[in-house]
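Geometric and topological summary
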2 protein chains.
Amino acid sequence: MPSLKDVARLAGVSTSTVSRAINGTIPVSEETRLRVEKAVRDMGYKPNLVAQSLRIKSTRLLGLVVPEMQHETFISFIRFTEEAAEAKGYNLIIGSTNSDPDREERFIENLIRRNIDGIIFSRVSDKSHVLKILDRTKIPVVIIDRTLEREDIPSVVMDNYESGKLVAEHLLSLGHRAFACITGPLDIAINRDRLAGFRDTVLAGGGTLEDKCIYEGNFKFESGKKGIAYLLDTGARFTALWAQNDYMAVGVLNLLSDRGIAVPGEISVAGLDNIQQSWMMRPSLTTVAQPFREMCTHAVDIIIDRAGREDDNREKIRVMLKPELIVRETTARPPEGSFAAERKEVERK
Amino acid sequence: MPSLKDVARLAGVSTSTVSRAINGTIPVSEETRLRVEKAVRDMGYKPNLVAQSLRIKSTRLLGLVVPEMQHETFISFIRFTEEAAEAKGYNLIIGSTNSDPDREERFIENLIRRNIDGIIFSRVSDKSHVLKILDRTKIPVVIIDRTLEREDIPSVVMDNYESGKLVAEHLLSLGHRAFACITGPLDIAINRDRLAGFRDTVLAGGGTLEDKCIYEGNFKFESGKKGIAYLLDTGARFTALWAQNDYMAVGVLNLLSDRGIAVPGEISVAGLDNIQQSWMMRPSLTTVAQPFREMCTHAVDIIIDRAGREDDNREKIRVMLKPELIVRETTARPPEGSFAAERKEVERK
DNA sequence: ATCATTTGTGCAATCGATTGCAAGAAAAAG
DNA sequence: CTTTTTCTTGCAATCGATTGCACAAATGAT
């Protein structure tokens, strides 16, 4: 790989001049510019980014922290963040923490030592001490898919309240009045928001969402199965159910299929996330799509914007984007007769 | 962030001594070592990796090139490569090319300019001119999930022939004799290998795999639907079908469900890859699991090994790992009566 | 006590870029 | 024809590490 020095020698000028001719920072005479450009072309010279980074303190590298790579959500973050970063001429270093605080800390520390230009976190808890590490440096940070209590850290999220509202409106309009919900962990704000949007809308529309019709899951497939089994076995009365993510919804459908309960014939089911399975499976899943691409693009924009400026005035940035309802086959008019949970009990006797 | 100089000042020695005390390259007196270590601890000093990279020419960064991030296969590559890299103290820069040669070239060039220690390709074609770019530098390269004709480029693949064999053996043992196959693109060696393993074993076991029972797909969901529809509509006679990846298998199941053909009652179906859906769906999919974790670990090991040494003797490295058959619900004994394709035709009249 | 060897440390160059400062050449002003 | 201003260009320092070489002190050999 040729270096600046090589180009300078070939063009018969100093390295300073070559640098300036390339970057156009300070005017260079027409004649030498052409000579330099020719030399650059002839040697196939490309500035070395490591050296450049050392000097100008910008690496054009972003870091992305994900807790894992099994959930399609995080895959989407990786995918769209990489896309947005590449569009801006940045590269992306990814690290999955596997919910291991040590790994997370190691990764963040590496990023700092690499003079990274910014870090995007997907999912961090309010108590993560990693944020303290970051406070010591001036590295711009943004959080996607979560909001933190600390308001000086920018975040980009979907309007979670709205997502619950969309689902409720859809199901109400189909004629449902008795609802159930399998939520994500309720110690996390966005999940409470989802539930609030759902409940408020259900109640405002004349429906019911009894406490015994709510099950707190953990976003995993198995948790959906467990949740619906629990609801059915405790005789919860509902004709429509919302699982706060698609993996749990798939689990629900799975168990309902095992128990011979028809979807959407007896129970309508909706999810959230619009994972691949939601449209590949039969029946295809009614769900809410998160605007992942926009979220990631915004996150990258925020980071790059901050990285550029020296001023440290952290205004409070909270971007909130609209979800979109996608109606498919698992939701329909409610059945005429009794509730599935009760019918099953009767049959069992 | 404190620098070496700061530590040196605090410890009252030169930067050279600090560097040597930290890296242990040249012995330092016990006394100064302790003083330096204390200074390092007190200041929370961590060597800057950019500066270090510039000097020692190793960045402890690996690049991973994937064509896209929709297929779960590539997600697995990202996941396991990151895992293996992290275990060795390396970070990973990922780039998806979206099958756009320009993007691919831009990405590779960036990696080169970043003095990356090695690049892992998943899926490249024999004609990719990117390999030529890489020939100009000495950056170690390894290819996963493909083999190239050029034997000087190391590759790590599953034993694809074996995967076809495993599926065929399983289906034969269930009693099937008439087989069909939906393949991946047959201009790619590994797909021909899969087919060969399947065909050889079927024939050796007294089964048939007629030419009209083979459909060349493109590894996507829709292609599975199209393939099975084509086979059924052209009256292909078979009781067991192997789709060379799970997405296509899911497409197959989808269409069979639409047409009311029972799986595994009338047709047994197997896939390959063991994607999440394969175990979440109902009926769950019999499939072959690729040893992705091992593949990625090997790839990283090969790269790091090469990166260390100066000698350029590219011995021919081709690692081949064993697949594993996972039997689930979509495969069973063949039906007694006629073939599904024929029965449907009769019914239609 | 003298010379050879080992051990520990610092100076200064280096990796490959960018940039403040100064100097020479050219152009404009007096 | 000076003097001032403007344009170009190069020198050398810098970013933060590593490392060859030299030198001084300590150790060992004679």
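All figures in this text were calculated on a predicted structure; none of them were measured in a lab.

For the rest of this paragraph, the subject is the side chain of B:Asn115. Along the chain, the position of B:Asn115 falls in the loop between helix H6 (101–113) and strand S3 (118–122). The residues touching B:Asn115, leaving out its near neighbours within four places in the chain, are A:Asn48, A:Val50, B:Lys57 and B:Thr59.

Our focus in this paragraph is the packing of aromatic side chains. Here a ring pair, both rings aromatic, is described through the centre-centre distance and the interplanar angle of the planes. Counted according to the given criterion, the structure contains 12 aromatic pairs over all chains. Ring geometry for A:Tyr215 versus A:Tyr230: centroids 5.5 Å apart, planes at 45°, classification tilted. With A:Tyr215 in strand S7 (residues 214–216) and A:Tyr230 in helix H10 (residues 221–233), the pair connects residues that are 15 residues apart, well separated along the chain. Take A:Tyr215: its relative accessible area is 18%, and that puts it in the buried class. Residue A:Tyr230 is classed as partly exposed on the basis of its relative accessible area, which comes to 43%. Relative to B:Phe292, the ring of B:Phe77 lies with its centre 5.2 Å away and its plane at 85°, an arrangement referred to as edge-to-face. Linking B:Phe77 in helix H5 (residues 72–87) with B:Phe292 in helix H13 (residues 292–308), this pair joins segments that are 215 residues apart in sequence. In this structure B:Phe77 comes out as buried when scored by relative accessible area, which is 0%.

Turning next to the protein's contact with DNA strand D. Neighbouring residues of DNA strand D: 27 residues in total, closest A:Thr17, A:Arg55, B:Leu4, B:Asn48 and B:Arg55. The contact atoms of DNA strand D, taken as those within 4 Å of the protein, divide so that sugar and phosphate hold 62%. Separating a sugar or linking oxygen of DNA strand D from a side-chain N or O atom of A:Lys57 is a distance of 2.8 Å. Within the side chain of B:Ser16, one N or O atom sits 3.3 Å away from a base oxygen of DNA strand D. Ranked by residues supplied to the surface near DNA strand D, first place goes to helix H4 (residues 49–56) of chain B with five residues. For the surface near DNA strand D, the class distribution of residues is 11 nonpolar, 11 polar and five charged.

This part takes up the pairing of strand S11 (residues 318–321) of chain A. Residues and elements named next belong to chain A. Side-chain alternation along S11 places Val319 and Leu321 on a buried face and Arg318 and Met320 on a face that remains uncovered. Where strand S5 (residues 155–158) lies against S11, four bridges are found, and the strand directions are parallel. Bridge pairing in S11 places Val157 opposite Met320.

Moving on, we get to the interface of chain A and chain B. Taken together, the contact pairs 51 residues of chain A with 51 residues of chain B. Both sides of the chain A and chain B interface together cover about 4800 Å² of buried area, and 52% of this is carbon and sulfur. Applying the counting rule to chain A against chain B returns 10 salt bridges. Its salt-bridge partner being A:Arg103, residue B:Glu86 comes within 3.6 Å of it at the nearest N-O pair. Taken together, the links from chain A to chain B amount to 32 residue pairs in polar contact (both at pLDDT 80 or more).

All names here are of chain A. Look at helix H5 (residues 72–87): 22 Å from first C-alpha to last across 16 residues, which is about the 22 Å you get at 1.5 Å a residue. Within H5, 13 of the 16 residues are buried, which leaves the element mostly enclosed by the surrounding structure. Phi for Gly89, located one or two positions after H5, is positive at around 80°.

The environment of DNA strand C is made up of 27 residues, and the closest members are A:Leu4, A:Asn48, A:Arg55, B:Thr17 and B:Arg55. The sugar and phosphate moieties of DNA strand C supply 61% of its atoms located within 4 Å of the protein. The contact in question runs from a base oxygen of DNA strand C to an N or O atom on the side chain of A:Arg20, over 3.3 Å. Measuring from a phosphate oxygen of DNA strand C, one finds a backbone N or O atom of B:Ser29 at 2.9 Å.

Cut-off values and rules
Residues numbered from 1 in each chain as written. Chains lettered and ligands numbered in written order. Predicted model: local features only at pLDDT ≥ 70, side-chain atom pairs only at ≥ 80, totals over all residues. Heavy atoms only, no water. Helix = DSSP H or I, 4+ residues; strand = E, 2+ residues; numbered from the N terminus. Contact = heavy atoms within 4.5 Å. Phe/Tyr/Trp six-rings, centres within 6.5 Å; stacked < 30°, edge-to-face > 60°. Buried < 20%, exposed > 50% of the residue type's maximum accessible area, 1.4 Å probe, protein only. Near = heavy atom within 4 Å. Polar contact = N/O pair within 3.5 Å; in protein donor to acceptor, adjacent residues only side chain to side chain. Nonpolar A, V, L, I, M, F, W, Y, C, P; charged D, E, K, R; others polar. Pairing = 2+ DSSP bridges. Buried area = accessible area lost by both parts, 1.4 Å probe. Salt bridge = Lys/Arg side-chain N within 4 Å of Asp/Glu carboxyl O. Expected span 1.5 Å × (residues − 1).

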